[in-house]
Amino acid sequence: MSKIDLAANAQLSVRHAAVAYGAVTVLQEVSFHLPPGQIGCLLGPSGCGKTSLLRAIAGFEPLAAGEIRLRGQCVVNTTQMTPPEQRRVGMVFQDFALFPHLNVADNIAFGLRHLPRAARKQRVTALLELVGLPQMAKSYPHQMSGGQQQRVALARAIAPRPELLLLDEPFSSMDAELRQQLARDVRHALQQDGVTGLLVTHDQHEAFAMADVIGVMGDGRLRQWDSAYNLYHHPADEMVAGFIGKGTMLPGFILPDGCIETPLGRIKARQVPVTPQADAEGRRAVRVLFRPDDLLHDESSDLSLEILDKSFLGAESLYTLALPDNALSGGIPADASDHVLSLVESHHDHAIGDRLPVRVSGEAMPVFLAAATSTVRA
Ligand SMILES: Nc1ncnc2c1ncn2[C@@H]1O[C@H](COP(=O)(O)OP(=O)(O)OP(=O)(O)O)[C@@H](O)[C@H]1O
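Residues numbered from 1 in each chain as written. Predicted model: local features only at pLDDT ≥ 70, side-chain atom pairs only at ≥ 80, totals over all residues.

### Some details on the overall build of the protein chain
- Check the secondary structure of the protein chain and you find nine helices and 20 strands.
- Seen along its three principal axes, the alpha-carbon backbone of the protein chain occupies a region of about 75 × 50 × 40 Å.
- Taking all 378 residues of the protein chain together, 37% fall into the buried category.
- Partitioning the contacts of the protein chain with sequence separation of at least 6, the portion at a separation of at least 24 is 69%. (Helix = DSSP H or I, 4+ residues; strand = E, 2+ residues; numbered from the N terminus. Buried ≥ 20, exposed ≤ 12 C-beta atoms within 10 Å, placed from the backbone. Contact = placed C-beta atoms within 7 Å.)

### Digging into the domain arrangement of the protein chain
- Assigned domains of the protein chain: these are domain 1 (36-60 + 84-240) and domain 2 (246-369).
- The C-alpha centroid of domain 2 is placed 39 Å from the C-alpha centroid of domain 1. (Domains from an automatic or database assignment.)

### Notes on the confidence of the model for the protein chain
- Per-residue pLDDT for the protein chain averages 87, and the proportion of residues at 70 or more is 91%.
- At the level of individual helices and strands, the protein chain shows its lowest average pLDDT in helix H1 (residues 3-9), which scores 67, and its highest in strand E1 (residues 12-21), which scores 97.
- In this model residues 372-378 is a low-confidence stretch, pLDDT under 50, and it forms 17 contacts with partners more than four residues away in sequence or in other chains. (pLDDT = per-residue confidence, 0-100.)

### Remarks on the environment of Glu67
- Considering the arrangement of structural elements, one finds Glu67 in strand E4 (residues 65-70).
- Counting along the chain gives 54 residues from Glu67 to Ser13, while the straight-line C-alpha distance between them is 8.2 Å.
- In contact with Glu67, other than residues within four places in its own chain, are Arg15, Cys74, Val76 and Asn77.

### Points about the site of the ligand
- Close contacts around the ligand come from Tyr21, Val26, Gly44, Ser46, Gly47, Cys48, Gly49, Lys50, Thr51, Ser52 and His202, and that covers them all.
- No other element matches helix H2 (residues 50-58), which puts three residues into the shell around the ligand.
- A per-class count over the shell around the ligand returns three nonpolar, seven polar and one charged. (Near = placed C-beta within 6 Å. Nonpolar A, V, L, I, M, F, W, Y, C, P; charged D, E, K, R; others polar.)

### Considerations on the pairing of strand E8 (residues 197-201)
- The element E8 is largely enclosed, with a buried count of five among its five residues.
- Side chains Gly197, Leu199 and Thr201 of E8 all project onto a buried face; the interleaved residues Leu198 and Val200 project onto the opposite face, where all are buried too.
- Relative to E8, strand E3 (residues 39-43) runs parallel, the two sharing five bridges. Note that in E8 the partner of Leu42 across the bridge is Val200.
- One ladder, built from four bridges, connects strand E7 (residues 164-168) with E8; its direction is parallel. Paired with Leu166 across the bridge in E8 is Leu198. (Pairing = 2+ DSSP bridges.)

Structure below.
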């Protein structure tokens, strides 16, 4: 689908949006489109502007620039603002408040008073089924676990069939395992009901479990709006590369044939964004993202690296390995990493201080421009 079709058919369309509090602009030039029935996620560190954007979409904040459209209709730009209650947007928050004096069925039915009694009952029964609580219609909130209450809050929010469901850190009070399970369950429930959703979180595992498309935010901008695969393997910049997954930035130089010389040998570049300026020796410096799965354990390899640290992850262990001395002509810049990570099947148990034989995977790697004034590590 072309970019124009994507925008025209989007359930939610955000274009060049900026949010400001007084004279301080906290968010700018944010653009993305969310197709109907998909689940998007805004992911980023604390304070990057995720909640501000969600509040602008819901109708609680004006825009300082740009516009937001719901099903093609402009709901806010710099001259007009549709009130929240006219946007047909549902919301689920971390501190969701169920009505304590109403049982589960009545909580879910709260926004369905316009429906005839039989239709209301049918919708509540279907939603209880959808969120996996068919037996709990008559229970009260205080008789339920946090996870069960959150499922009820979700059912209540999607009951009136909102055009868009916004979820602001809805699972953050739960432990990590329950969080991911709930994220998967909620994804399933939204898909079954055909709801378009936008989740805000700072937890990338929650984003991976729930979203079709993820926007990584940083420094008040949307850095990349993409699939989890592309964020990990094709990060748009070093901020995204550092925020998603694990990895280290190694220094390198572009060779005449377009390959990159790194401390671990020649690698293929996925793409060199802009040809960097040559230094005094005529070399063009870049930084290469090595993921832990780019460095493979291989007993037949001539390359072996000292194990500095290791963490057991269950099926795999993550090893921190020292880079070889004098591995890069001209030395390693001070702002580059002096170690690299390798993910190895945990049946192979190597001790800290041993040398681990490894080889580079051969996959093309993301390459970024090096800072213009890198000093060399002493
Ligand atoms: N009402 C407000 N008045 C002034 N500044 C605000 C207001 N709300 C948020 N901010 C500022 O805007 C910036 C973005 O805040 P926001 O809450 O949108 O970020 P966030 O990514 O959702 O953070 P968190 O993950 O911690 O909730 C922060 O610097 C914050 O201090």
